[in-house]
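A closer look at the structure
Spelled out from the first residue to the last, the chains are:
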Amino acid sequence: MKGVYIVGASGSIGTQTLDVIRENSHLFKVIGLSLGRDLAKAKEIIEEFKPEIICLREKKEIELSYKPIIVYGDSGLIEIAKYKKLKEEIFVNALVGISGLLPTVYAIKAKKDLALANKETLVVAGDLIKQLIKENNVLLTPIDSEHSAILECIYGENKNDIKRLIITASGGSFRDKKREELIGVTKKDALNHPNWSMGAKITIDSATMMNKGFEVIEAHYLFDMPYEKIDTILHKESIVHSMVEYNDGVIKAAIGSADMHTPIAYALKFPMHEHITNKNLNLIGLNLHFEELSKKRFPCLEYAYMAAKKGGVYLAVLNAANEAAVKLFLDEKIEFLDIEKIIYDEITNDSYKDIEYNLDNVIDISYKIINKIIERYGK
Ligand code: MG
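Residues numbered from 1 in each chain as written. Predicted model: local features only at pLDDT ≥ 70, side-chain atom pairs only at ≥ 80, totals over all residues. Heavy atoms only, no water.

Quick notes on the coordination of the magnesium ion
Protein-derived coordination of the magnesium ion comes from Asp144 (OD), Glu146 (OE) and Glu215 (OE), at a distance range of 2.1 to 2.2 Å. The motif formed by the donor residues of the magnesium ion, counted along the single chain, is D-x1-E-x68-E. (Donors = N, O, S within 2.8 Å, 3.2 Å for Na, K, Ca; no water.)

Looking at the sheet that holds strand β7 (residues 140-142)
Hydrogen bonds between backbone atoms are what pair the strands of a sheet, whose relative direction is either parallel or antiparallel. Strand order in this open sheet of seven strands is β4-β3-β2-β1-β5-β6-β7, and the pairing throughout is parallel. Pairing within the sheet leaves two strands with one partner each, and these edge strands are β4 (69-72) and β7. Averaged over all neighbouring strand pairs, the angle between strand axes comes to 20°, with direction disregarded. (Pairing = 2+ DSSP bridges. Helix = DSSP H or I, 4+ residues; strand = E, 2+ residues; numbered from the N terminus. Axes fitted to C-alpha atoms, helices over the stretch in contact; angles between N-to-C directions.)

A few points about the pattern of salt bridges
Close approach of charged atoms allows side chains of opposite charge to pair. What the rule picks out here adds up to 31 salt bridges. Salt bridges linked by common partners bring Lys119, Asp144, Glu146, Lys212, Glu215 and Glu218 together as one network. (Salt bridge = Lys/Arg side-chain N within 4 Å of Asp/Glu carboxyl O.)

With respect to the domain arrangement of the chain
Segmenting the chain into domains produces domain 1 (2-138) and domain 2 (147-377). Taken over C-alpha atoms, the centre of domain 1 sits 23 Å from the centre of domain 2. With 31 residues of domain 1 at the interface, the matching set in domain 2 holds 36 residues. For the pair domain 1 and domain 2, the two sides together bury roughly 2,800 Å², of which 67% comes from carbon and sulfur. For domain 1, the biggest contributors to the area lost against domain 2 are Ile98, Lys119 and Val123; these three give 24% of the whole. Between domain 1 and domain 2 we count four salt bridges in total. Note that aspartate 224 is salt-bridged to lysine 130, the shortest N-O span being 2.8 Å. Of all the secondary structure elements, the ones that give two or more residues to the side of domain 1 that touches domain 2 are α1 (12-23), β5 (89-93), α4 (101-109) and α5 (119-136). (Domains from an automatic or database assignment. Contact = heavy atoms within 4.5 Å. Buried area = accessible area lost by both parts, 1.4 Å probe.)

As for the nonpolar core
The biggest cluster of nonpolar side chains holds 96 residues, and the ones touching the most others in it are Leu101, Leu165, Ile217, Leu318, Phe336, Ile339 and Ile343. Both domains that meet at this core, namely domain 1 (2-138) and domain 2 (147-377), each give it at least three residues. Of all hydrophobic cores here, the second largest spans 30 residues; its members include Val4, Phe28, Ile54 and Leu64. (Core = buried A, V, L, I, M, F, W, Y, C linked by side-chain atoms within 4.5 Å. Buried < 20%, exposed > 50% of the residue type's maximum accessible area, 1.4 Å probe, protein only.)

Some words on unusual backbone geometry
Residue phenylalanine 270 is joined to proline 271 through a cis peptide bond whose omega torsion reads 0°. In this fold, proline 271 is placed in the loop between α10 (261-269) and α11 (299-310). A positive phi angle is found at lysine 111, which is not glycine, with a value near 60°. Tracing the chain through its elements places lysine 111 in the loop between α4 and β6 (113-116). For lysine 111, a relative accessible area of 46% puts it in the partly exposed group.

Description of the packing of aromatic side chains
Applying the stated criterion across every chain, the model contains eight aromatic pairs. Between phenylalanine 174 and phenylalanine 336, the aromatic rings sit 4.9 Å apart at their centres with planes inclined by 85°, giving edge-to-face as the arrangement. Here phenylalanine 174 is found in the loop between β8 (162-169) and α7 (187-190), whereas its partner phenylalanine 336 is found in helix α13 (residues 336-347), with 162 residues between them in sequence. A single burial state applies to phenylalanine 174 and to phenylalanine 336, both of which are buried. Note on tyrosine 303 and tyrosine 344: the rings are 5.3 Å apart at their centroids and 45° apart in plane angle, and the pair reads as tilted. Placement of tyrosine 303 in helix α11 and of tyrosine 344 in helix α13 is noted, with a sequence separation of 41 residues between them. Residue classification places tyrosine 303 among the buried positions, given a relative accessible area of 12%. What links up through ring pairs into an aromatic cluster is the set Tyr155, Tyr266 and Phe270. (Phe/Tyr/Trp six-rings, centres within 6.5 Å; stacked < 30°, edge-to-face > 60°.)

Given below as structure tokens:
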């Protein structure tokens, strides 16, 4: 039995992870869960999986049929990360935003393997996290269709033979719009993703293409690849989840239907393919298309490479500016095109360049920038 902890368990990735756990109850035992504000939903999940430790967002009464340890808020997430029950344990981080970083750090220190859906962890603190993983000798697997696909394509291969990673992008909810047609688009338009059903933050990040920028940065850390060897390509069908091109011209692609259960199961049971899906891909009559993913049309992708090139705390700056801007857009305080302007202003701000890159500083600067931007535009 492997002990499982899921933070962000009532979100989109969290509930799909619970589906995978449910069908593998002979292998996994849920020990700890953090749940969102919807207490009815939380209660339903808790009563089904009966975890020993639960983290709720805020202090509220919850009536349960048994007596688990109940902790609250951000400090509660850390208590879940530190909790230890079984010899072999895996920590699934399905939180959205910078608040996912510290739970990852503590989970690694508690020698838990890590299945990572929280993008901000590697974007903001990739070098620091990799160092911790090495020191504590834990396994990191990605929960993301693109990185899962790349892992499929490079498993067992020699890294020196790789010419480049090719990350596919569906294009998000505004992929068929020209830049000038983005003026005045609404939150409702932006949340309507053509292929994937995801949380609100990541759906907006897909529409701006910042999500793809983050995935480039994550791939850099996950697969030890220089940025020059990481490309992106527009692929509207979301059938090819990503590719790896080798020096001999072979391109390996992982293809399949768009179902997050598959990458989740692969992350939990790596390198096994034991998940049984009912969404098998029908190859007959399949038409696949690839187009250039333009950094002019999607400047946020360019900004991600820019911040990565600057390095140090600038990746935290990139993430914080994006996090604040997306929140403001979802709260209908700013226009869609303001998101990229806010990000550009921050990553080209030289006042951050002397800040030393360490965990305390990346967290500190992240919250300072988020609060500054929310205050400036949030009125
Ligand atoms: Mg993805």
